[in-house]
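Analysis of the macromolecular model
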Amino acid sequence: MGDVVAGQTLNVVDAEEQVTVSTSARGNSFSGAVENGSITVDSTQEMHGDALATTTMTLGGDTAGRLTATTQAGGNYLAAGAYGADLRVDASQLVTDGEIAANSTITNDSARLLAGATVDTSAIGNTAALGGDGSTVSGVISQGSSATIRSSNLASTQYIPAQAAFSSQAIANAVAVNSDAASNQSLYVRQRSTGDLIEAGTSANAGNAWDLAGRARANANQAVFQNQGGALIAETDQANAARVRATAITTSYDFGAAEAYARAAGNEVSVGNNDVYVEIDNTQFNSGGVDSTATFSGTNGYDVYVGADAVGNSVTGYACSECAGYLTATNVQTNNGSVTASAHTTVAGSARAVITGTNAVGNAATFYVSSPGP
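Definitions and limits used
Residues numbered from 1 in each chain as written. Predicted model: local features only at pLDDT ≥ 70, side-chain atom pairs only at ≥ 80, totals over all residues. Heavy atoms only, no water. Helix = DSSP H or I, 4+ residues; strand = E, 2+ residues; numbered from the N terminus. Rg over C-alpha atoms; globule rule 2.2 N^0.38 Å. Buried < 20%, exposed > 50% of the residue type's maximum accessible area, 1.4 Å probe, protein only. Contact = heavy atoms within 4.5 Å. Phe/Tyr/Trp six-rings, centres within 6.5 Å; stacked < 30°, edge-to-face > 60°. Lys NZ or Arg CZ within 6 Å of the ring centre and 35° of its normal. Pairing = 2+ DSSP bridges. Axes fitted to C-alpha atoms, helices over the stretch in contact; angles between N-to-C directions. Polar contact = N/O pair within 3.5 Å; in protein donor to acceptor, adjacent residues only side chain to side chain. Core = buried A, V, L, I, M, F, W, Y, C linked by side-chain atoms within 4.5 Å.

What to know about the overall build of the chain
Secondary structure summary: the chain contains zero helices and 21 strands in total. Here the C-alpha radius of gyration of the chain, 21 Å, is about what a compact globule of 374 residues would show, namely 21 Å. Each of the three principal axes of the chain carries a C-alpha extent, and together these read 55 × 45 × 40 Å. Burial analysis of the chain (374 residues in total) assigns 50% to the buried set. Across the chain, every contact between residues at least 6 apart in sequence was considered, and the portion connecting residues at least 24 apart equals 85%.

Below you can see the structure in the form of structure tokens.
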């Protein structure tokens, strides 16, 4: 019923080795597993307060080791696994009102990250993660979020002579199911997103950067199913009324490689089985606006990559071709919200290559039978 808050403030000068930071705030968390038997998980989780995670970094002088910073905020989290066993789940997750927010900031524009950086922020209302190994995973997962979901990542630096990636992720409802070694899946997933805003924003800035990337991803509802053997049966029902926005900004006066990428999606389902049988029954309804914007600005350098993708409803399903795979799909998608994608690129001096692209789609459905690879 109350707020969950985690925060860290760093003031580091001339660090000779790595700087590693982890900040996490989560309302409710459950995890369990079974081996050589069976388990039934009956779980109800509700989050009525805010979950706020904040990391603030002032990095003076030379940071000689790699900077690794992770900032995570979540409402409800459920994880369950099965190993040579049967796992059945009946789970309900609800986040009401409030805010789920993860924020990371490098405050001083004189920061020198000599070994590069990996800085990530993630804000997720509800998460359900299931796994199986030689197992059967089945059941029902229901998720609902009316909270505001925000993830922001701001970096102001002077010099990064190594690979550096700054990313933000914001999701209202997320389900991920992974199984292998001749496993089976049979699941029904219902997701509802009714909050005002789901927003991911990244701003990665440097005076001189050798390989700099700023990435932002925002999803209202996301369900991913992956299986390596046996049958995969997935029934999904997703609806989104929230505004979904992803913004990625990358700037560098001098640069080697520079990337700005943003992706925003109302409802998204992925179902893949590297075996014979896949059955998909998918229903998606999006009435919220979906917007992605990617921006790069620099003066002199080599290669620039800028991309923005936005989709109201998306579903992908595949089965294995070398196994004589069989896929059957029933799909209903309705998009009543605006979907926009935009990219802005400015090179004031010179560059070797500039590659940009945007893609905005109301409804996207792809079903195929393919080889699992070597």
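Following the structure, the description resumes.
Focus on the packing of aromatic side chains
The geometry of an aromatic ring pair is captured by the separation of the ring centres together with the interplanar angle, meaning the angle of the planes. Per the stated rule, a full pass over the model turns up three aromatic pairs. Consider the rings of F255 and F296, whose centres lie 5.2 Å apart with planes at 80°: the pair is edge-to-face. Residue F255 is located in strand 16 (residues 243-273), and its partner F296 is located in strand 18 (residues 290-320); the two are separated by 41 residues in the primary sequence. Classification of F255 as buried rests on a relative accessible area of 5%. Their ring planes at 15° and their centres at 5.6 Å tell us that Y277 and Y326 sit as a pair that is stacked. One end of the pair, Y277, is in strand 17 (residues 277-286); the other, Y326, is in strand 19 (residues 326-335), with 49 residues separating them in the sequence. Here Y277 falls in the partly exposed class, since its relative accessible area comes to 27%. You can call Y326 partly exposed: its relative accessible area is 47%. Positioned above the aromatic ring of Y77, the side-chain terminus of R26 is 4.3 Å from the ring centre.

As for unusual backbone geometry
One non-glycine residue, N36, lies in the positive phi region at around 55°. With respect to the helices and strands, N36 occurs in the loop between strand 2 (19-35) and strand 3 (38-47). Phi at A182 is positive, roughly 60°, even though this residue is not glycine. Here A182 shows up in the loop between strand 12 (148-180) and strand 13 (184-193).

Some words on the sheet that holds strand 11 (residues 136-145)
Read across the sheet, seven strands follow the order 3-7-11-13-15-17-19 without closing on themselves; strand pairing throughout is parallel. The open sheet is flanked by strand 3 and strand 19, the only strands paired with a single partner. In this sheet, neighbouring strand axes are inclined to one another by 0° on average, regardless of whether the strands run parallel or antiparallel. By the bridge criterion, nine bridges tie strand 13 to strand 15 (residues 231-240) in an arrangement that is parallel. Note that in strand 15 the partner of Q185 across the bridge is L232.

Details of the side chain of N267
With respect to the helices and strands, N267 occurs in strand 16. Here the side chain of N267 touches N313 through a polar contact of 2.8 Å, side chain to side chain.

Notes on the environment of A182
The exposure class of A182 is exposed, given its relative accessible area of 58%. For A182 and A231, which are 49 residues apart along the polypeptide, the C-alpha to C-alpha distance reads 8.6 Å. Contacts of A182, omitting those with residues within four sequence positions, involve G134, S135, G229 and G230.

Examining the nonpolar core
I100, I149, I198, V244, A246, A294 and F296 are the most contacted members of the largest nonpolar core, which totals 36 residues. Of all elements in the fold, only strand 4 (51-60), strand 8 (99-106), strand 12, strand 14 (197-227), strand 16 and strand 18 reach the threshold of two or more residues within this core. Here this core gets eight residues from one element, more than from any other, and that element is strand 16. Apart from the residues lying within four places of it in its own chain, the contact partners of V244 are I198, A218, N219, A220, A264, A265, G289, V290 and D291. In this structure, A82, V89, V177 and A234 belong to the second largest nonpolar core, which totals 27 residues.

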